[in-house]
Amino acid sequence: MRKVIAVRVNYSQLVGLGHLYRMLRFVKTLSKKYRIIFFIDKKKDLIVKKFNYEFIEVYEGNNKFKSEIEDAKKIKRLIKKLKINYFIIDDYRIGIKWEKFFYQKQKLIIFDDLNNRKHLCDFIIDSKHTGEETKKRYEHLVPKNCQKLLGPIYSIINSDLEKKQKTKKNLLLYFGGGGDLSKYYNFFKYLVKANKLKKSKNKINITLVIGPLAEKFKKFLQFKKNKNVKILNNVINLKHVLEDTSMYFGVSSSIIYELNFLKIPACVFSKNDNQTNQTSNLEELGIYFQIREKDLISDYKKTSNLIFTFFNNFKKVSDITNYRKIKIDKKACKRIENIIFKSNNNYKKNYTKNYTNNKIQKNGFYKINDSLINKYLFFRNQKINRLVSINKKKIENIDHYLWWFMTQRISFYYVKNYKIKLIFSQEIIKIFKKYFWYGAWFKCEGIVNFSEIIDGLNSQIKKTQKIKNLKWFAIIKKNNPSVFYINKLIGFKEEKFFLKSNINSIIKNFNIKKIKNYYFLTK
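### Description of a nonpolar patch on the surface
Move 1: Residues Phe-450, Tyr-485 and Leu-489 make up a contiguous nonpolar surface patch of roughly 310 Å² in combined accessible area.
Move 2: By the element assignment, Tyr-485 lies in helix α18 (residues 481-489).

Structural data, given as structure tokens:
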């Protein structure tokens, strides 16, 4: 008689379909050896008919989940005549209160990514990548003898995915498996109409995937007639869609691991707290662009512009994914199966990796590449830099990305003792009908002394004169005397501008409101 694996999983408009998809993929190979039984709140025809597994409905009629304890009692009654060997749980609602009913009676295998509550289990599996903190997850939250399978080597992706060469500009929009889509309607409508006005060579092909549990999406369907728009509804398997995708724009869900495997550049946003990831952790997975959900809702024109900007700079955008430190494969299920069901601990040791080995750079100046797009913004947004900047406001990601791909500015960073100490940037500007070199610099990591700043500025000026012999122009706030002093030390002289045309030119170029609050210098 085959051993039995019970799976308790939840899916809904609120949590989406990610947990269910993960479980369906995980048990795919196990079903050849084990009897698989899914325990779900309610049977949905769309789900049940698509997969050849046993589905037991936990709550009939109008009954629904109320508490862990009540749910555990209900499950216990349902499995009374079944000999369950393994219990797999992938459900945020379930924790230690539920697990006490089954621990040491069945092998308990928990899939989680919250790292914020206790579990009573034999195995805990969490593929979420949190940098160096990954290996510390669930400390003091699980029994000492619980085996922790942590990190993206355990991220379960569609095993049927194949890497393909893309020749077309195919954008995939995905707002999640469930929820209210109407809030994204204005964004989608504007994107489609703006795309329609583009020249043929600049048009992109837009595919919108509407999740099986999505609501309020009927208005979107009117765009099906558009030549460059494809709308897919009730699609469970995104294999063919993903394989043809050039760029992804959508929720930061478990799909990010499949994007990594296929090397698809992506811009993501979070709908739920559990989808929130630190920028540096996403970067290590190859996801370099992250905006706020409200950018789609309240600033949809700018968001649409960002998408076209990505495609206009697609070579650069695509190349950024090559900087990823983590490369997902299709072996996660096999790894987990070998550890849990075959007790192959050697297999586990072979695949426990440290993903955070940073390449150490020697002291010196380095040209900034696109992989530093977010780090540049982080340093610029530090309070110490904003206080002395012309623009004191914190720059949002979306504005930074648009600027990054449009600016002619060239930037360098200065490394000392393995830290990025300073960033210098330069560009040629036109003012007073003349051309000048204009630059900026800001502090980054650790303590920065005057000599490092002066050496950096002198080196920058020397290099620019070899490119083009032009005067330098500088604007310094009067509340920043130290920078004024540094510029005087390296040869900048204060200029007095009295002509009205000059004042208007400054206001126009630098968005300055009160001229009297600034020093103007040249060298």
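### Examining the pairing of strand β20 (residues 472-477)
Looking along a regular strand, one sees side chains alternate from face to face of the sheet.
Move 1: Of all six residues in β20, six are buried, a share of seventy percent or more.
Move 2: Burial of β20 is two-sided: the residues Trp-472, Ala-474 and Ile-476 facing one way and the residues Phe-473, Ile-475 and Lys-477 facing the other way are all buried.
Move 3: The sheet contact formed by strand β19 (residues 434-443) and β20 spans two bridges and is parallel. The residue of β20 that forms the bridge with Tyr-438 is Phe-473.

### Concerning the packing of helix α5 (residues 185-196) against helix α10 (residues 300-312)
Move 1: Here α5 crosses α10 at 50°, and the two axes come no closer than 9 Å. Considering their axes alone, α5 and α10 lie oblique with respect to each other. Pair α5 / α10 crosses with right-handed handedness. Residues Asn-186, Phe-187, Tyr-190, Leu-191, Ala-194 and Asn-195 of α5 touch α10, and the partners they reach there are Tyr-300, Lys-301, Thr-303, Ser-304, Ile-307 and Phe-308.

### Things to note about the sheet that holds strand β21 (residues 493-494)
Move 1: Here seven strands make up an open sheet; going across it, the order is β16-β17-β18-β19-β20-β22-β21 and the pairing mixed. Only two strands of the sheet have a single neighbouring strand rather than two, namely β16 (364-367) and β21.
Move 2: Pairing of strand β17 (residues 410-416) with strand β18 (residues 419-431), which is carried by seven bridges, proceeds in the antiparallel orientation. The partner of Lys-416 across the bridge, within β18, is Lys-419.
Move 3: Running at roughly 90° to β18, helix α14 (residues 373-380) makes contact with β17, β18 and β19 of the sheet.
Move 4: The sheet contacts of helix α17 (residues 450-467) involve β16, β17, β18, β19 and β20, and relative to β18 the element is tilted by about 40°.

### Some remarks on the packing of aromatic side chains
Move 1: Under the counting rule described, the total for this entry stands at 38 aromatic pairs.
Move 2: Here Tyr-185 and Phe-220 contribute two aromatic rings whose centre-to-centre distance is 5.5 Å and whose plane-to-plane angle is 90°, an arrangement assigned as edge-to-face. Of this pair, Tyr-185 sits in helix α5 while Phe-220 is found in the loop between β11 (213-215) and β12 (229-233), placing the two residues 35 residues apart along the sequence. Each member of the pair Tyr-185 and Phe-220 is classed as buried.
Move 3: Between Tyr-376 and Trp-404, the ring centres sit 5.5 Å apart and the planes meet at 75°, which makes this aromatic pair edge-to-face. Taken together, the positions of Tyr-376 in helix α14 and Trp-404 in helix α16 (residues 397-406) put the pair 28 residues apart, joining distant regions of the chain.
Move 4: For Tyr-376, a relative accessible area of 5% corresponds to the buried category.
Move 5: For Trp-404, a relative accessible area of 10% gives the class buried.
Move 6: The aromatic ring of Phe-412 is capped on one face by Lys-463, whose charged end is 5.7 Å from the ring centroid.

### Brief notes about the state of the cysteines
Move 1: Inspection of every chain in the model, using the stated rule, returns zero disulfides.
Move 2: With no disulfide of its own, Cys-121 lies 3.8 Å from the sulfur of Cys-146, the closest cysteine sulfur.
Move 3: The exposure class of Cys-121 is buried, given its relative accessible area of 0%.

### Observations concerning the sheet that holds strand β7 (residues 147-150)
Move 1: Strand order in the open sheet made by the seven strands is β3-β2-β1-β4-β5-β6-β7, with parallel pairing throughout. Since the sheet does not close on itself, it has two edges, and those belong to β3 (54-57) and β7, each with one partner. Between one strand and the next, the sheet's axes are offset by a mean angle of 20°, whatever the strand orientation.
Move 2: As paired strands, strand β5 (residues 107-111) and strand β6 (residues 123-126) are joined by three bridges and run parallel to one another. Bridge pairing links Ile-109 to Phe-123 in β6.

Analysis parameters
- Residues numbered from 1 in each chain as written.
- Predicted model: local features only at pLDDT ≥ 70, side-chain atom pairs only at ≥ 80, totals over all residues.
- Heavy atoms only, no water.
- Patch = residues over 30% accessible without salt bridge, like charges linked within 9 Å, V, L, I, M, F, W, Y side chains within 5 Å.
- Areas by Shrake-Rupley, 256 points an atom, 1.4 Å probe, with all protein chains shown as cover.
- Salt bridge = Lys/Arg side-chain N within 4 Å of Asp/Glu carboxyl O.
- Helix = DSSP H or I, 4+ residues; strand = E, 2+ residues; numbered from the N terminus.
- Buried < 20%, exposed > 50% of the residue type's maximum accessible area, 1.4 Å probe, protein only.
- Pairing = 2+ DSSP bridges.
- Axes fitted to C-alpha atoms, helices over the stretch in contact; angles between N-to-C directions.
- Parallel < 35°, antiparallel > 145°, perpendicular 65-115°, else oblique.
- Left-handed = near helix turned anticlockwise from the far one by under 90°.
- Contact = heavy atoms within 4.5 Å.
- Phe/Tyr/Trp six-rings, centres within 6.5 Å; stacked < 30°, edge-to-face > 60°.
- Lys NZ or Arg CZ within 6 Å of the ring centre and 35° of its normal.
- Disulfide = S-S within 2.5 Å.

Worth remembering: the numbers are spatial, not functional.
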